[in-house]
Amino acid sequence: MSLTPTVYKSSDPGAPLLSGDPGALVALLDLLLVDGYGSGANRKAGMGWTKAFTGTNVRVYRNSVLNGTGYYLRVDDTAQRSALVRGYSAMTDIDTGTDATPSVALKAAGSRWEKSFVASSEGRAWVAVGNEKFFYLFIDTYNAFSSYGAASVHPHYAGDISSLKPGDRHNFVVSYKGSDTEASNSISNGLRSVSTMNSTPSSDSTTFCFLARNAQGVPGSLRCNLYSDGQTLTRGFGMDNNFPPYPYPVNNGLLYAPVVLLEAAMMPRGFMPGLYAPLHRRPFPDMSVLRDVAGFAPGTELLAKMYQSEQMAPNESYLGQVLIDISSEW
């Protein structure tokens, strides 16, 4: 598979159904990460991960050994509404591994990923973008779209970040929503921004993701934050009312910045793959594609994706936006 990401949507011909039923998320990930779906001109290959172990509503996927860390991603989808996710550097069977991310000490059960607000077989809209090393998965847990786009879409992600450390073998991350509950007002931290690089997550509510090891390679997973220049709130990207207007009058264009992963205060480990934060308040319609943005190579395409942070229930006050490079290698 190519390191250039593929975009997958629940509206694609032949796309699988996602619901709140047990096994629904791993059935989706089987096709997104490994098998692909559709036929003929509508065929979309999987991202290039492999399936290492299979159980009843439990899967273990592995990202690229050649181009990535070769980390494993265990997804326990035996419950309704949400699944429990954990990464490992090595595994000997479906339940046993090394470098648990998050560690059992940090999260006894793993990182909880919501798939539906209710225990129901009703289909949920979703969008995924990824390659053989890393993927983003946006799920509309309520199926409650607004005039701005998907007002209840929640972001999940896993895989290798773009590390600042040469030869990094433990730059694998698993997103976290900031809570272990499934309550309707539960926060959704995965793609939020801290307001300063001088931040270290000290609790669940301030944790955005888990990283396998620190830059020195010391065993033990870490709580992590995300940061991007110009983001002044601990909320989703592209949410602050005080952002400059778009188009920006100085260059009649877009202001944006990459998204940094912080493993500790003033300690960037690297960048979120292909991800950029608009420094304006939700400047583009959901799922619009931008081309030839200043600062990118000619022909680069950016996908504008809306999502919700901080609350599970639809709330446009917490509706953010990211820009995902869908035409370059991550």
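Look above for the structure.
In short, a report on the structure.

Reading the values: the criteria
Residues numbered from 1 in each chain as written. Predicted model: local features only at pLDDT ≥ 70, side-chain atom pairs only at ≥ 80, totals over all residues. Heavy atoms only, no water. Helix = DSSP H or I, 4+ residues; strand = E, 2+ residues; numbered from the N terminus. Contact = heavy atoms within 4.5 Å. Expected span 1.5 Å × (residues − 1). Buried < 20%, exposed > 50% of the residue type's maximum accessible area, 1.4 Å probe, protein only. Pairing = 2+ DSSP bridges. Core = buried A, V, L, I, M, F, W, Y, C linked by side-chain atoms within 4.5 Å. Phe/Tyr/Trp six-rings, centres within 6.5 Å; stacked < 30°, edge-to-face > 60°. Lys NZ or Arg CZ within 6 Å of the ring centre and 35° of its normal. Axes fitted to C-alpha atoms, helices over the stretch in contact; angles between N-to-C directions.

1. Remarks on the environment of L33
Mapped onto the secondary structure, L33 falls in helix α1 (residues 24-35). Beyond its immediate sequence surroundings of up to four residues, L33 is in contact with G46, M47, G48, W49, Y61 and F135.

2. Description of α1
In a regular helix each residue adds 1.5 Å, so 12 residues correspond to 16 Å; α1 covers 15 Å between its end C-alpha atoms and thus fits that length. Within α1, burial applies to A24, L25, V26, L28, L29, D30, L32 and L33. A positive phi of about 80 degrees marks G36, the residue just after α1.

3. Here we look at the pairing of strand β21 (residues 301-308)
Judged by how many residues are buried, β21 sits mostly within the fold: 7 of 8 residues are covered. Of the pairings in the sheet, the one linking strand β20 (residues 289-291) to β21 comprises 3 bridges and is antiparallel in character. Bridge assignment links V289 to a residue of β21, and that residue is L303. Note that β21 and strand β22 (residues 319-325) share 7 bridges and pair antiparallel. Note that in β22 the partner of M306 across the bridge is Q321.

4. Some thoughts on the nonpolar core
By size, the foremost hydrophobic cluster in this structure holds 32 residues, and its most contacted members are Y157, L191, L226, L261 and M272. Membership of the second largest hydrophobic core comes to 28 residues, among which are Y61, Y71, A83 and F172.

5. As for the packing of aromatic side chains
All chains considered together, the criterion is met by 16 aromatic pairs. Judged by centre distance (6.2 Å) and plane angle (75 degrees), the ring pair of W113 and F135 falls under edge-to-face. You can see W113 sitting in strand β8 (residues 111-114) and its partner F135 sitting in strand β10 (residues 134-140), a full 22 residues away along the chain. Aromatic side chains Y136 and Y157 sit 6.1 Å apart centroid to centroid with 65 degrees between the ring planes, which places their arrangement in the edge-to-face category. One end of the pair, Y136, is in strand β10; the other, Y157, is in strand β13 (residues 153-160), with 21 residues separating them in the sequence. No difference in accessibility class separates Y136 from Y157, as the two residues are buried. Every member of this aromatic cluster is reached through a ring pair, and the members are F134, Y136, Y157 and W330. The lysine or arginine in question, R81, covers the ring of F117, its NZ or CZ lying 5.7 Å from the ring centre. The ring of F138 has K305 sitting right over it, with the charged end atom 5.6 Å from the ring centre.

6. A few points about the sheet that holds strand β5 (residues 82-88)
Pairing is antiparallel in the open sheet, where 5 strands are placed in the order β2-β3-β4-β5-β8. In this open sheet, the two edge strands, each paired with only one partner strand, are β2 (50-55) and β8. Mean inter-strand twist for the sheet, computed between neighbouring axes without regard to direction, equals 25 degrees. As judged from the 5 bridges shared by strand β3 (residues 58-62) and strand β4 (residues 72-76), these two strands associate in the antiparallel manner. If you follow V60 over to β4, its bridge partner there is R74. Strands in contact with α1 are β2, β3, β4, β5 and β8; relative to β3, the strand with the most contacts, it is inclined by about 20 degrees.

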